[in-house]
Amino acid sequence: MPLTFTFDPVVTPELRDGVLDLWTDVTNAGGAVGFVPPVTREDVRPQLVRQLVSMAEERSRLLVGHDEEGRVAATAFLTLNTHRLMTHWIWLYTVMVHPRHQGKGYGRDLLAAAERAARTLDGVEAIRLGCRGGLGLEHFYASCGYKEVGRVPDAIRVAPGDDRDDITMLLPLT
């Protein structure tokens, strides 16, 4: 059953807790979403609060996918550029699909929904995202139409002696 996506949902306590649980579960399953496992909800909460503040300040927008049971199953944050020379593209951050739903095509669905959402934003001509090397994520994003446009070797330190490339991907919308 496909996910139901909502762009700019009303942030209720249930939604907030659902995103927090998703972020924690994705991280603990090995997902490259800003943390290294193991994490608790309390480890992730400060970063989620920063994202919610960014949304309240209208610098970031949330895309959320709910599964057939109404649970938060996927998210992505679309972050606007505030620099006057870069307002024609946005960042896509914290792209997540719950581990119980992986392998069902929901990642592709999430990226397609993010593209649709970005197309509703005035003047936005491209989506840019960064991903952690060593997991093959760049191949997945490339299969969804993104092109690798930059790579900084060993820029992400996952653990001592485990440095990964920071890979920049771009999806033109024009």
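A brief structural summary. (Residues numbered from 1 in each chain as written. Predicted model: local features only at pLDDT ≥ 70, side-chain atom pairs only at ≥ 80, totals over all residues. Heavy atoms only, no water.)

## Re the overall build of the protein
When its secondary structure is counted, the protein shows four helices and seven strands. Sequence-ordered secondary structure for the protein, helices as α and strands as β, is β-α-α-β-β-β-α-β-α-β-β. Taken over C-alpha atoms, the radius of gyration comes to 15 Å for the protein, in line with the 16 Å a tight globule of 174 residues would show. Principal-axis analysis of the C-alpha atoms places the extent of the protein at approximately 45 × 40 × 30 Å. Expressed as a percentage of the 174 residues in the protein, the buried residues total 41%. Long-range contacts, defined here as pairs at least 24 residues apart, represent 57% of the contacts in the protein between residues at least 6 apart. Counting only carbon and sulfur atoms, one obtains 52% of the accessible surface of the protein, whose full area is about 9100 Å². On the protein, the mean spot of the 19 positive side-chain charges and the mean spot of the 23 negative ones are 2 Å from each other. (Helix = DSSP H or I, 4+ residues; strand = E, 2+ residues; numbered from the N terminus. Rg over C-alpha atoms; globule rule 2.2 N^0.38 Å. Buried < 20%, exposed > 50% of the residue type's maximum accessible area, 1.4 Å probe, protein only. Contact = heavy atoms within 4.5 Å. Areas by Shrake-Rupley, 256 points an atom, 1.4 Å probe, with all protein chains shown as cover. Lys, Arg positive; Asp, Glu negative; His and termini not counted. Charge placed at Lys NZ, Arg CZ, Asp CG, Glu CD.)

## Here we look at the packing of aromatic side chains
In the structure shown here, the tally under the stated rule is six aromatic pairs. Centroid distance Trp89 to Trp91: 5.2 Å. Interplanar angle 75 degrees. Geometry classified as edge-to-face. A ring pair is formed by Trp91 and Tyr93, whose centres lie 5.6 Å apart and whose planes are at 20 degrees; its orientation type is stacked. Residue Trp91 is classed as buried on the basis of its relative accessible area, which comes to 19%. Aromatic rings pair up to connect Trp23, Phe35 and Phe77 into one cluster. (Phe/Tyr/Trp six-rings, centres within 6.5 Å; stacked < 30°, edge-to-face > 60°.)

## Remarks on the pattern of salt bridges
Pairing is possible between side chains of opposite charge, provided their charged atoms come close. For the coordinates displayed, the defined rule picks out 15 salt bridges. A salt bridge links Arg16 to Asp17, with the shortest nitrogen-to-oxygen separation between them at 3.2 Å. Between Asp165 and Arg151 there is a salt bridge, with its nearest N and O atoms 2.9 Å apart. One end of the pair, Asp165, is in strand 7 (residues 162-172); the other, Arg151, is in strand 6 (residues 147-159), and 14 residues separate them in sequence. The class of Asp165 is buried, set by a relative accessible area of 18%. Salt bridges here are not isolated pairs; linked through shared partners, they connect Arg16, Asp17, Asp21 and Arg41. (Salt bridge = Lys/Arg side-chain N within 4 Å of Asp/Glu carboxyl O.)

## Thoughts on the nonpolar core
Among the nonpolar cores identified, the biggest contains 28 residues, and Leu92, Ile127 and Tyr146 are the most heavily contacted of them. Broken down by secondary-structure element, the contributors of at least two residues to this core are strand 3 (72-79), strand 4 (89-97), helix 3 (106-119), strand 5 (126-132) and strand 7. Counting residues per element, this core draws most heavily on helix 3, which supplies seven residues. Those residues in contact with Tyr146 that lie beyond four places of it in its chain are Leu92, Leu111, Ile127, Leu129, Tyr141, Met169, Leu170 and Leu171. (Core = buried A, V, L, I, M, F, W, Y, C linked by side-chain atoms within 4.5 Å.)

## As for the environment of Leu173
Its location among the elements puts Leu173 in the segment after strand 7. Using a relative accessible area of 8% as the deciding quantity, one classes Leu173 as buried. Spatially, the C-alpha atom of Leu173 lies 7.4 Å from that of Ile127, the residues being 46 residues apart in sequence.

## Digging into the side chain of His98
Residue position: His98 is located in the loop between strand 4 and helix 3. Leaving out residues up to four positions away in the same chain, His98 has contacts with Leu22, Asp25, Val26 and Ala73.

## Considerations on the sheet that holds strand 1 (residues 4-7)
Taken together, seven strands build an open sheet; the order of strands is 1-2-3-4-5-7-6 and the sheet is mixed. Whereas interior strands pair on both sides, the edge strands pair on one side only; in this sheet they are strand 1 and strand 6. In this sheet, neighbouring strand axes are inclined to one another by 25 degrees on average, regardless of whether the strands run parallel or antiparallel. Pairing geometry for strand 4 and strand 5, over three bridges, is parallel. Among the inter-strand pairings, Trp89 is bridged to a residue of strand 5, identified as Ala126. Lying over the sheet, helix 2 (residues 41-56) contacts strand 2 (60-66) and strand 3, oriented at roughly 115 degrees with respect to strand 2. Set on the sheet, helix 3 makes contact with strand 1, strand 2, strand 3, strand 4, strand 5 and strand 7; between it and strand 4 the angle comes to about 155 degrees. (Pairing = 2+ DSSP bridges. Axes fitted to C-alpha atoms, helices over the stretch in contact; angles between N-to-C directions.)

Any functional reading would require information beyond the geometric quantities listed.
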